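An overview of the molecular structure
What follows is the residue order along each chain.
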Amino acid sequence: MEIRKLGVVGCGLMGSGIAEVAARSGYATVVRETSQELLAKGRGRVEKSMRAAVERGKLPAAERDQALGRIRFTTELEEFADCDLVVEAATENPEAKKQIFGSLDRICRPEAILASNTSSIPIIELATATRRPAQVVGLHFFNPVPVMKLVEVIRTIVSSEASVQAARALAESLGKRPIIAKDRAGFVVNVLLVPYLLDAVRLLEQGVASREDIDEGMRLGCGHPMGPLQLLDFVGIDTTYFIAEIMFQEFKDSRYAAPTLLRQMTVAGLHGRKSGRGFYDY
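In short, a report on the structure. (Residues numbered from 1 in each chain as written. Predicted model: local features only at pLDDT ≥ 70, side-chain atom pairs only at ≥ 80, totals over all residues. Heavy atoms only, no water.)

Read from one edge of the open sheet, eight strands run 3-2-1-4-5-6-7-8, paired in mixed fashion. The open sheet has two free edges, formed respectively by strand 3 (71-74) and strand 8 (177-182), since each of these has just one partner strand. If you compare each strand with its neighbour and ignore which way they point, the axes differ by 25° on average. Lying on the sheet, helix 2 (residues 36-55) is in contact with strand 2 (28-32) and strand 3; it crosses strand 3 at an angle near 155°. (Pairing = 2+ DSSP bridges. Helix = DSSP H or I, 4+ residues; strand = E, 2+ residues; numbered from the N terminus. Axes fitted to C-alpha atoms, helices over the stretch in contact; angles between N-to-C directions. Contact = heavy atoms within 4.5 Å.)

Packing of helix 9 (residues 228-235) against helix 10 (residues 237-251) leaves a shortest axis separation of 6 Å and a crossing angle of 95°. If you check the angle between helix 9 and helix 10, you find them roughly perpendicular. On helix 10, the residues that touch Leu232, Asp233 and Val235 of helix 9 are Ile237, Thr239 and Thr240. Across the contact of helix 9 with helix 10, the residue classes break down as three nonpolar, two polar and one charged. (Parallel < 35°, antiparallel > 145°, perpendicular 65-115°, else oblique. Nonpolar A, V, L, I, M, F, W, Y, C, P; charged D, E, K, R; others polar.)

A few words on the environment of Ala169. You can see Ala169 is positioned in helix 6 (residues 161-173). Taking the C-alpha atoms as reference points, Ala169 and Val147, 22 residues apart in sequence, are found 19 Å from one another.

Core analysis: the biggest nonpolar cluster contains 37 residues, and Leu85, Leu139, Phe141 and Leu170 have the highest contact counts within it. Top contributing element to this core by residue count: helix 1 (residues 13-24), with six residues. Setting aside its immediate chain neighbours within four residues, Leu170 contacts Ile3, Leu6, Tyr27, Leu85 and Leu139. Judged by nonpolar contacts, the second largest core, of 22 residues, contains Met247, Met265, Phe279 and Tyr280. (Core = buried A, V, L, I, M, F, W, Y, C linked by side-chain atoms within 4.5 Å. Buried < 20%, exposed > 50% of the residue type's maximum accessible area, 1.4 Å probe, protein only.)

Right under this line is the structure:
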């Protein structure tokens, strides 16, 4: 199946990034948010990112204007009716995602592929909310989407080979490097990454080292570009907490049990960069 028009559900950090790279790669793109206020914020995020790319000499101004012209911003799911592939990039909530997939299944053409950008929820749970489970795959992009090269393509036990290869080809056409993973909570990257992040929080909780020394240790000792507590602020404290909860429920493994401090920060609204305060102040 040739993909010409792409839909993105959600225009937050991930959805706006996916919409941007799709439009910059020549795809007609529809991106939907639940309110005009959120849609305006998402549009501003896309415009700011492209403006920065122009200022850095990474994107000619004329190409920026053409890319922005390819994006349609909407609050209506019905706008996805003629899309060839739709990527869901809503909040990391299984029930909310299932509702979206059920709606997309009714709205989209029978041959359209439905994908999720979830970083932790097994794709089969979302596929069974549709009448086209063979055409449901995972397409897990990484933040910030315009910069990060990796995309995890997730194959469920019922995904068709055609759907998987179409998703893989799409990722490559966006300038990304896809890897194929079987369908299990966390896939490849988060199965390895989440325990590391949670252990960093435990070290801080236990008073083993300061936040600065934990981060400095991993930057200088392991060559990481960002320390784990800085990375948690960047990804989102709440997002990581929800991912850990989902993975703990899936595996019943203590490595994925969220530390008390992470839960308390989530409840308190200390979500990292996006809230202005997390392990650091912004």
